[in-house]
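# Observations on the model geometry
Residue-level listing of the chains:
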Amino acid sequence: MEDASNIGPESDGKRFRAARIFSVPDDVKFLDTLELTRLSEAFSAWTERASRPDVGVSRNRVRLIYLMLRHTGARLGGVLALNDRADINLDSLSVTLGGGEGEGREVQIPAELGESLAAVFDDPAYASLRGSLFHLDQGHVRRKFYERAEECGFTKELVNPSTIRRSRAVELLRHDVPLPVVQRILGHSTADLTAAFLHLPEEQRRKVERQVLTRETRRTSARNAFFGRVAQVQKGDIQSLVVVESLGGHAVSSIITNESLKNLGINEGSFVTAEIKAPWVVLETCDEMPRATANNRFLGEVELIRIGELTSEVIVTLSDSTRLCALITTQSARELNVAEGQTVWAMFNAFAVVLHVE
């Protein structure tokens, strides 16, 4: 890993961007964004499978510990020591880590985690646990982590709490979060890391953290947008086929020019957002996968229909909660006879998919 601890906010007259100098050696173990999301989904499914309410409470506590590790990059001991009454502020969406050892450091958390915590704080089933919600045995937590790892096909070492901490650091650096911000989030304290952090005012650090969390939330909630990893690049003489594996496991095909491929710096393993304009989304109501020239065909459920005088808007929700908006003529909507709750196929051509690299 390249040592950038002595590089300030600017280098060689250019704005400093961590991802441009950050690389991960082949022997360093970490989970990427898609793998971390798969692990989050495994914890959620495990919690929902609980046979009794008390078992559900126990499993949800482990799930929240994982989510706290995943989003703060904290050490397991630091998370298990949290006092959920004193150390978590849902108004500012922040958690104070290491408060028992001194002043502590404040790290912001995403709104989704804040909502999960708020639901727990309001649930009478957790009333007796308030203040000690995260106080579980380390061995028990690790065993449950390893069980979820096996479900996802990961090795134990990939779901070790220290690996999750490292994974968060890699994720933030790849998203161009300035190195001083990452150092502060993870609580690094060596002299050179502290000196590097002094280049970034506290208020600016908070702003950058919030921008990152907002961007991550937007990726998973935006309509007609699939955020994921480039699984395949097939280069032709003029254009290239790019296949994106989304967070929800969907394969989205896009055809872009070779010039755009080069300018965007897209390679296999790159993280991109694939977007489709609503007028390019076509709907079909047949049961079997339709025979069509559209490369991208996804089965979903009609969530909402807005009928207009000339055009109508149809919102289709896919299996992973991705929402696709189709803008069709009102005549077509009537001919299709679509209704809310109905299963439909949402389709679009690879030429209609635009790729964005943040």
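Below: a short report on this structure. None of the values given here were measured: they were computed from a predicted structure.

### Some points on the overall build of the chain
Of regular secondary structure, the chain possesses 12 helices and 15 strands. In the chain, which comprises 358 residues, the share counted as buried stands at 47%. For the chain, restricting intrachain contacts to residue pairs at least 6 apart in sequence, the fraction spanning at least 24 positions comes to 64%. Of the roughly 18,300 Å² that the chain leaves accessible, carbon and sulfur atoms contribute 48%.

### Comments concerning the nonpolar core
Grouped together as the largest cluster of nonpolar side chains are 50 residues, with contacts concentrated most on Ile65, Met68, Leu117, Phe134 and Phe145. Counting only elements with at least two residues in this core, the list comes to α2 (33-48), α3 (53-72), α4 (76-80), β4 (94-97), α5 (111-122), α6 (138-152), α7 (161-174) and α8 (179-186). Ignoring anything within four residues of it in the chain, the contact list for Phe145 reads Phe43, Val62, Ile65, Tyr66, Leu69, Val159, Pro161 and Ile164. Of all hydrophobic cores here, the second largest spans 30 residues; its members include Phe226, Val230, Ile256 and Ala346.

### Observations concerning the pattern of salt bridges
In this structure the tally under the stated criterion is 12 salt bridges. Between Arg148 and Glu147 there is a salt bridge whose closest N-O contact spans 3.6 Å. Taking the relative accessible area as the measure of exposure, Glu147 reaches 32% and is therefore partly exposed. Here Glu303 makes a salt bridge to Arg323, at a shortest N to O gap of 3.0 Å. Taken together, the positions of Glu303 in strand β11 (residues 296-307) and Arg323 in strand β13 (residues 323-329) put the pair 20 residues apart, joining distant regions of the chain. We classify Glu303 as partly exposed; its relative accessible area is 37%. Relative accessible area serves as the criterion here: at 26%, Arg323 is assigned to the partly exposed category. The structure contains a network of salt bridges with shared partners spanning Arg49, Lys144, Glu147, Arg148 and Glu151.

### Some remarks on the sheet that holds strand β10 (residues 282-284)
Spatial strand order, β10-β14-β11-β12-β13: 5 strands in an open sheet with antiparallel pairing. Single-partner strands in this sheet number two, and they are β10 and β13. The average undirected angle you get between the axes of adjacent strands in this sheet is 45 degrees. Sheet topology note: the β11/strand β12 (residues 311-318) ladder contains 7 bridges and is antiparallel. Within the sheet, the bridge partner assigned to Leu304 lies in β12 and is Ile315.

### Topic: unusual backbone geometry
Most peptide bonds take the trans configuration, and most residues that are not glycine carry a negative phi. With phi around 80 degrees, Ser321 is a residue other than glycine that occupies positive phi space. Relative to the helices and strands, Ser321 is located in the loop between β12 and β13. At Asn337, a position not held by glycine, the phi torsion is positive, near 60 degrees. Considering the arrangement of structural elements, one finds Asn337 in the loop between α12 (330-336) and β14 (343-348). According to the relative accessible area criterion, Asn337 is exposed, its value standing at 58%.

### Topic: the packing of aromatic side chains
Taken as a whole and assessed by the stated rule, the structure comprises 8 aromatic pairs. Their ring planes at 15 degrees and their centres at 4.8 Å tell us that Phe43 and Tyr66 sit as a pair that is stacked. Remark: Tyr66 occurs in helix α3 and Phe43 occurs in helix α2; sequence separation between them is 23 residues. Stacked on the ring of Phe121, the Lys or Arg Arg130 has its end atom at 3.9 Å from the ring centre.

### Focus: the sheet that holds strand β3 (residues 88-89)
The strand order across the open sheet formed by 3 strands is β3-β4-β5, and the pairing between neighbours is antiparallel. Looking at strand neighbours, the two that pair on one side only are β3 and β5 (105-108), the edges of this open sheet. Judged from the 2 bridges that link them, β3 and β4 form a sheet pairing that is antiparallel. Across the sheet, Ile88 pairs through a bridge with Val95, a residue of β4.

Cut-off values and rules
- Residues numbered from 1 in each chain as written.
- Predicted model: local features only at pLDDT ≥ 70, side-chain atom pairs only at ≥ 80, totals over all residues.
- Heavy atoms only, no water.
- Helix = DSSP H or I, 4+ residues; strand = E, 2+ residues; numbered from the N terminus.
- Buried < 20%, exposed > 50% of the residue type's maximum accessible area, 1.4 Å probe, protein only.
- Contact = heavy atoms within 4.5 Å.
- Areas by Shrake-Rupley, 256 points an atom, 1.4 Å probe, with all protein chains shown as cover.
- Core = buried A, V, L, I, M, F, W, Y, C linked by side-chain atoms within 4.5 Å.
- Salt bridge = Lys/Arg side-chain N within 4 Å of Asp/Glu carboxyl O.
- Pairing = 2+ DSSP bridges.
- Axes fitted to C-alpha atoms, helices over the stretch in contact; angles between N-to-C directions.
- Phe/Tyr/Trp six-rings, centres within 6.5 Å; stacked < 30°, edge-to-face > 60°.
- Lys NZ or Arg CZ within 6 Å of the ring centre and 35° of its normal.

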